[in-house]
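As a plain string of letters, each chain reads:
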Amino acid sequence: MLEALNFRVILEYMPLYLQCFAATLWLSALSLLGAILVGIIACAMRLSQSWFLKRMAGIYIESIRSTPLLAQLYFFYFGLPSLGIMMPEWVTGVIALTLNSGAYYAEIIRAGIQAISYGQIEAGISSGLSYFQRMRNIILPQPLGMTIRPMLGQAIVLVKDSSLLSLISIMELTRAGQMLTSDRFMPTEGFLTTAAFYLVIYYMLKVFSSWSEKRLVFQETH
Amino acid sequence: MWGFYFNELVHSLPFFLKGVWMTVAVSGLSLIFGTIIGFICGILRTSGNTFVKLIIGIWVDLIRGTPFLVQVFIIFFILPSFGIELEAFPAAVIALSNLAASFICEIVAGGILAVPTGQREAATASGLSGYQQLRHIILPQAMRTILPPLVGQYVLLVKDSSVVSAIGVVDITRVGWLAVQRVPEGLMVFGLVGLLYFAICYPLINLSSFLEKRMTVVSTRL
Amino acid sequence: MISFKSVNKWFGDLHVLKDINIEVASGEVVVVCGPSGSGKSTLIRCINRLEPIQEGELVVDEMAVHDKKINMTKIRAEIGFVFQSFNLYPHMTALQNTTIAPIKVRKMKKEEADKLGRKMLTRVGLEDRIDHYPAQLSGGQQQRVAIARGLCMQPKIMLFDEPTSALDPEMIGEVLDVMKSLATEGMTMMVVTHEMGFAREVANRVVFMDEGKIVEVAPPNDFFTNPQTDRGKYFLSSILTH
């Protein structure tokens, strides 16, 4: 199968692939930052005392979780213009990815915070630590250690989800495969190369995930 | 204008219901195939020989490491170049079953590994064969761990099925995409699309968390 | 009935059984004791090949357990095994726990197996707990179900791997009583335990192990009153102070 691949064409398109690889990376990174921010806010709303904020966060999280990302993406892509809001495709893409992953991050963070036992807080108080010392040294490191795997897992999902942006004509990895398919009709070369680039990101995040987990566990035992 | 578009949309409701049917058909078939293949692979992964385990591990990584959209394109565009001509519908079912199987494989393997080793030892000591152990001792206990994430996986399956609209399967998302060409009211059209997915997914999400609560109660009782 | 000849076993680099030689006759009760990590549990787990041995000969009821090609199912059906942590099947009632192996391995009819299961549960004093799930039983009751489960295969040998060490003190007696009655009925038994009272009363011989070796084999009275080795003396003094 490998000898059937036309490596000359792959090489010829390599600059495009690298450019698209970079695009996938920064689109994902931007959405990731936004998503964690949105997740923290939504989680804080959900854990707040206000009935209204709780309800709003609940509706946001539930509606994101029970509809597909592609439908959300089209909702913004076709919906915002009908409100008279025009923006470049990539902004629409990043908004959709951010809001989508944000809902999942809210749940991950909430699970992490709720897993801390009250005994930990009491232990912190009784050993005379101040509020900030307790937060910094006892409370926050725990959900961080526990949620690092689901956090990075969601990051992997986000990178893969960014492939849907190709469907609203944003130049990224999957789009590069589509170009090779439509320009030269070489889908095999096109999509296998695309897949290989995604696998690189996947394995890097996977290795980072197990490395950081080990490191955090190590710190906790000290 | 809104009133006019709304009427248009009401007129295309039968079209949307056909889309719902298609989404249910694609996800339903993939759910059946994915569950069967996933269970077989999950069992092999925990009890098969090292080579089989390695192959399954690589397969799971390849599927988890690449976006579903790219997998759909590979199956739809590349298999024909090996002489396997596929319509969009079977290509979609194959891609989605494959995706579901890889995730269910991990869920099943995790569930089996969560059964304490003493259970297998006790069954071995009383002379039960490998198959008998699996059938009567291991799987019935593993199902408590497997069931909640399995139903959660079915929710993902329905949502991921929206991606096959990219190769022209006329599911809910594709109907929305077609409708928005005629009724340029994106918020309304994809609001409806979202509602239809919500109607399918929300009960499943609730079933999953219900099972999760119930299984925890049951397993603490036992 | 059970015969170890120059048996050696390793876990990776760790040499856990070193040149084990011992014979257990039919109807004999042998208690195996020793400090933790001495290899005593491994010793009896080898008998039904829960752990495979790497060197030597291990023959049980004229069947060669060391032979990799031999079908273990038949041998295992002849040997009842009772675990420290009971290992009852949590999704089955006491009766189902005892009948699953007779039905599946011995191909017994369900009614027949139920009758046998009831008989064995009655024998261990649990006739009123037949339809209870393990979680509804106390530790002592669970361990007695586990013994009944082993007896239902009508075994020639019963092996016990620290059957009382996971139990609360007030429940130890009920389990030991069942084991004593088995011993008086002539069952061949190998018991890993620290219950020295039980050993004194029931055992024909005590095997003392340390660091993977059999250090002493003696009738219980001799071993307890006059251990021949320093390690045996040290071990006895350490459990008597408990």
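Definitions and cut-offs
Residues numbered from 1 in each chain as written. Chains lettered and ligands numbered in written order. Predicted model: local features only at pLDDT ≥ 70, side-chain atom pairs only at ≥ 80, totals over all residues. Heavy atoms only, no water. Helix = DSSP H or I, 4+ residues; strand = E, 2+ residues; numbered from the N terminus. Buried < 20%, exposed > 50% of the residue type's maximum accessible area, 1.4 Å probe, protein only. Phe/Tyr/Trp six-rings, centres within 6.5 Å; stacked < 30°, edge-to-face > 60°. Lys NZ or Arg CZ within 6 Å of the ring centre and 35° of its normal. Expected span 1.5 Å × (residues − 1). Arc of directions from axis to C-beta. Contact = heavy atoms within 4.5 Å. Buried area = accessible area lost by both parts, 1.4 Å probe. Salt bridge = Lys/Arg side-chain N within 4 Å of Asp/Glu carboxyl O. 1 Å grid on protein atoms, 1.4 Å probe; cavity = no way out; pocket = protein on both sides within 12 Å on 5 of 7 lines; lining within 4 Å. Points joined across faces, edges and corners; volume = space filled by probe spheres on them. Nonpolar A, V, L, I, M, F, W, Y, C, P; charged D, E, K, R; others polar.

**A look at the environment of C:Leu159**
Residues and elements named next belong to chain C. Along the chain, Leu 159 falls in strand β7 (residues 157-161). Of the residues examined, Leu 159 reaches a relative accessible area of 0% and is grouped as buried. In this structure, the C-alpha to C-alpha distance between Leu 159 and Glu 195, residues 36 residues apart in sequence, is 15 Å.

**Notes on unusual backbone geometry**
Residue and element names in this part refer to chain C. Notably, Phe 86 is not glycine yet its phi reads approximately 65°, a positive angle. Mapped onto the elements of the fold, Phe 86 is located in the loop between β6 (79-82) and α3 (94-104). In the Ramachandran plot, Glu 211 falls in the positive-phi region, its phi being about 50° despite a non-glycine side chain. Mapping Glu 211 onto the fold places it in the loop between β9 (205-210) and β10 (213-218).

**So, the packing of aromatic side chains**
One pass over the full model with this rule turns up 19 aromatic pairs over all chains. With a centroid separation of 5.4 Å and 75° between ring planes, the pair formed by A:Trp26 and A:Trp90 is classed as edge-to-face. With a gap of 64 residues between them, A:Trp26 in helix α2 (residues 14-47) and A:Trp90 in helix α5 (residues 89-114) connect regions that are remote in the sequence. Consider the rings of A:Phe191 and B:Phe73, whose centres lie 4.8 Å apart with planes at 25°: the pair is stacked. In this pair, A:Phe191 is assigned in helix α10 (residues 187-221) and B:Phe73 in helix α4 (residues 68-78), connecting two distinct chains. No difference in accessibility class separates A:Phe191 from B:Phe73, as the two residues are buried. Through a chain of ring-to-ring contacts, the aromatic side chains of A:Tyr74, A:Tyr77, A:Phe78 and B:Phe190 assemble into a single cluster. Positioned above the aromatic ring of C:Tyr89, the side-chain terminus of C:Arg149 is 4.7 Å from the ring centre.

**Topic: helix α4 (residues 110-123) of chain C**
Residues that lie three or four places apart on an α-helix share one face, since the helix turns once every 3.6 residues. All names here are of chain C. Taking 1.5 Å per residue as the helical rise, α4 with its 14 residues ought to reach 20 Å, and the 20 Å between its terminal C-alpha atoms agrees with that figure. Those residues of α4 that fall on the buried side of the exposure criterion are Ala 113, Asp 114, Leu 116, Gly 117, Met 120 and Leu 121. Considered in projection along α4, the buried side chains sweep an arc of 165° and stay on one side of the axis. Among the exposed residues of α4, those pointing more than 90 degrees away from its buried face are Glu 111, Lys 115 and Lys 119. Of the surrounding secondary structure, the elements contacted by the buried residues of α4 are α3 and α5 (139-151). Gly 125 sits one or two residues past α4 and shows a positive phi near 80°.

**Notes on the interface of chain C and chain B**
Contact with chain C, which involves 23 residues of that partner, is made by 18 residues of chain B. Counting the surface lost from both chain C and chain B, the interface buries some 1,700 Å², and carbon and sulfur atoms represent 63% of this. At the boundary of chain C and chain B, one finds 1 salt bridge. The residue B:Glu121 makes a salt bridge to C:Arg45 at a minimum N-O spacing of 2.4 Å.

**What to know about the pattern of salt bridges**
Side chains that differ in charge, positive against negative, can pair when their charged atoms come close. Evaluation of the coordinates by the stated rule reveals 20 salt bridges over all chains. Connected through salt bridges with shared partners, the residues A:Arg46, A:Glu62, A:Glu107 and A:Arg110 form a single ionic network.

**So, the interface of chain B and chain A**
Each partner contributes residues to the interface: chain B has 38 residues there, and chain A has 35 residues. Carbon and sulfur atoms make up 75% of the surface buried where chain B meets chain A, a total of about 3,100 Å² over both sides. At the surface where chain B touches chain A, the tally comes to 1 salt bridge. For the salt bridge of A:Lys206 with B:Asp61, the shortest nitrogen-to-oxygen distance reads 3.0 Å.

**Topic: the arrangement of the chains**
The chain pair with the greatest number of contacts, out of 2 pairs of chains in contact, is formed by chains A and B. At the C-alpha level, the nearest point of chain A lies 25 Å from chain C, with no contact between them.

**What about the side chain of C:Thr93?**
With respect to the secondary-structure elements, C:Thr93 resides in the loop between β6 and α3. Contacts of C:Thr93, omitting those with residues within four sequence positions, involve C:Ile130, C:Asp131, C:His132 and C:Tyr133.

**Describing empty space enclosed by the protein**
Left-over empty space is what a probe sized like a water molecule reveals as it rolls over the atoms. Scanning all chains against the criterion turns up 1 cavity of 30 Å³ or more. Reported here for the largest cavity is a volume of approximately 70 Å³. Forming the walls of the largest cavity are B:Ala122, B:Ala125, B:Ser126, C:Ile79, C:Gly80, C:Phe81, C:Phe83, C:Arg149, C:Gly150 and C:Met153. Per-element accounting of the lining of the largest cavity gives the leading share, 3 residues, to β6(C). Looking at the lining of the largest cavity, its residues break down into 6 nonpolar, 3 polar and 1 charged.

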